[in-house]
Every structure is written in structure tokens, then in C-alpha cells.
Amino acid sequence: GEDVEQSLFLSVREGDSSVINCTYTDSSSTYLYWYKQEPGAGLQLLTYIFSNMDMKQDQRLTVLLNKKDKHLSLRIADTQTGDSAIYFCAELWNSGNTPLVFGKGTRLSVIA
Amino acid sequence: DTEVTQTPKHLVMGMTNKKSLKCEQHMGHRAMYWYKQKAKKPPELMFVYSYEKLSINESVPSRFSPECPNSSLLNLHLHALQPEDSALYLCASSQDFWGGDRYGYTFGSGTRLTVV
């Protein structure tokens, strides 16, 4: 079955690092994505990781993938107030006819 | 052009009205999607079009009727909606439906629909 779990809330102080976690159930995932959604807006792709990678870094963003534990995390360094948003992880299965599966989303609040 | 454009941005309609939501992309993507998103929830898939053919209908009520006139356009026709249908309706596109890539799905900014 398809299930992607995330913690619902995270609050951090400006300048600290944020770590948003996600667990997934399907071991045949090909790509895993992190999307950001600001209030009233659509989803913006932040970064991705391919399933044969363990880590991917892109400026302030670091994605870690632990395939054994089916755990994905997004670390945001030097978190800013503009990072306040809902973050969705999403997995794409390898079954060929199943669309992207989203987690429930983590609401990140950055305190100045 | 790397955008998905949705119109209108906001729509208020009565339960007896007929309206349409529009989505357009010019990235050459061959898969297009309609999602419904309620407040503080993840997007819920409604329909998938692949190469202009309806591939997935997630048991959506018939008061929602999708249409894909060509590879760049996707419409969602609305008729006799209920107040509980009020939500953010998101359109997305991807290179194709059968495999992923680094770009994932590109989302539009959505239509905020209110049914009164």
C-alpha cells in the first residue's frame, strides 16, 4: 500500500537549522521530492533525490535518504522567516501507472 | 516557458451555476493532472491525462468533468457543485506519466473555489 508519513508541525528560530522528516512504505520508489507551499499558493518543487543516492545538497538544502529504513529528510540550514511554509515530501513509484504520492505535509514556523 | 498557468485565480459560484477552470502549459509535457486541496491537507488527485487521454479518474463525482482539448490545455468543468467542494484546485503537468525525472510535477498556483 502507499503511505507517506510526516510530522505535522515544526517550529525553529531564525538562523537555526530545520530538519523535516518523512517515512515512506514503497521500496520501489524511483524519485523522492520535496515541495514547498506558501499560503494561498501552489506547490513549488524544492529538490529531489533519486533512489540510488544517499544524499543531495543544494545550497541551504540537504536531502538524506535512508533506503533501509525508508526514511527521507530535508535539512534547511540558516532557516529564514521566508522559509515558513508547508513542506510536502512525495514519492514516485516504479510501478509505471501510479502518480506521485504526497505526505500530509509539515508546517514549518520560523520565529524571528 | 516553465510555468503552469491557471485561470481564474478565484471563483465564487452558486450551486446551480456552470463554470470552468482552465490550465495551460507550454513545456511540451504530455501528462496533466487535476488535484483538489482542502485547507491544511495534502493535494488529493482527481484526474490524470496522459497523451490527451484520461488515464485515471479517482472516483470523482460526475459534477466534475475534465477535458483535455489538446496537449497544452486542461479544463475542469463544474456543474451543480456543493459547498463542500470549496477548495483550492491545482493543475500540474509532467514530462510523461510513466516515469519520473528530476523535475517532478510542475504545479500551477491554483484556483480558489468557493461554492455558495
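Our subject is the structure that appears above.
In this text the structure is predicted, and so the values were computed from the model without any measurement.

Draft legend 1. Broad picture of the overall build of chain A. Counting its secondary structure elements, chain A contains zero helices and 11 strands. Scaling as 2.2 N^0.38, a compact globule of 112 residues should have a C-alpha radius of gyration of about 13 Å, and chain A matches this with 14 Å. When its C-alpha atoms are laid out on the principal axes, chain A stretches across 45 × 30 × 20 Å. Per-residue burial for chain A yields a buried fraction of 49% across its 112 residues. In the structure as shown, chain A presents an accessible area of about 5,300 Å², 48% of it carried by carbon and sulfur atoms. Charge-centre separation for chain A: the mean point of 10 positive side chains lies 2 Å from the mean point of 13 negative side chains.

Draft legend 2. Summary view of the pairing of strand 11 (residues 111-115) of chain B. Residue and element names in this part refer to chain B. On strand 11, burial follows the alternation: T111, L113 and V115 on one face are buried, whereas R112 and T114 on the facing-out side are not. Judged from the four bridges that link them, strand 2 (residues 10-13) and strand 11 form a sheet pairing that is parallel. Paired with L11 across the two strands is L113, which belongs to strand 11. Sheet analysis places strand 9 (residues 87-94) next to strand 11, joined by three bridges and oriented antiparallel. Bridging from a neighbouring strand, L88 pairs with R112 of strand 11.

So, how was this worked out
Residues numbered from 1 in each chain as written. Chains lettered and ligands numbered in written order. Predicted model: local features only at pLDDT ≥ 70, side-chain atom pairs only at ≥ 80, totals over all residues. Heavy atoms only, no water. Helix = DSSP H or I, 4+ residues; strand = E, 2+ residues; numbered from the N terminus. Rg over C-alpha atoms; globule rule 2.2 N^0.38 Å. Buried < 20%, exposed > 50% of the residue type's maximum accessible area, 1.4 Å probe, protein only. Areas by Shrake-Rupley, 256 points an atom, 1.4 Å probe, with all protein chains shown as cover. Lys, Arg positive; Asp, Glu negative; His and termini not counted. Charge placed at Lys NZ, Arg CZ, Asp CG, Glu CD. Pairing = 2+ DSSP bridges.

So, to be careful, I would describe these as geometric facts and stop short of saying anything about function.
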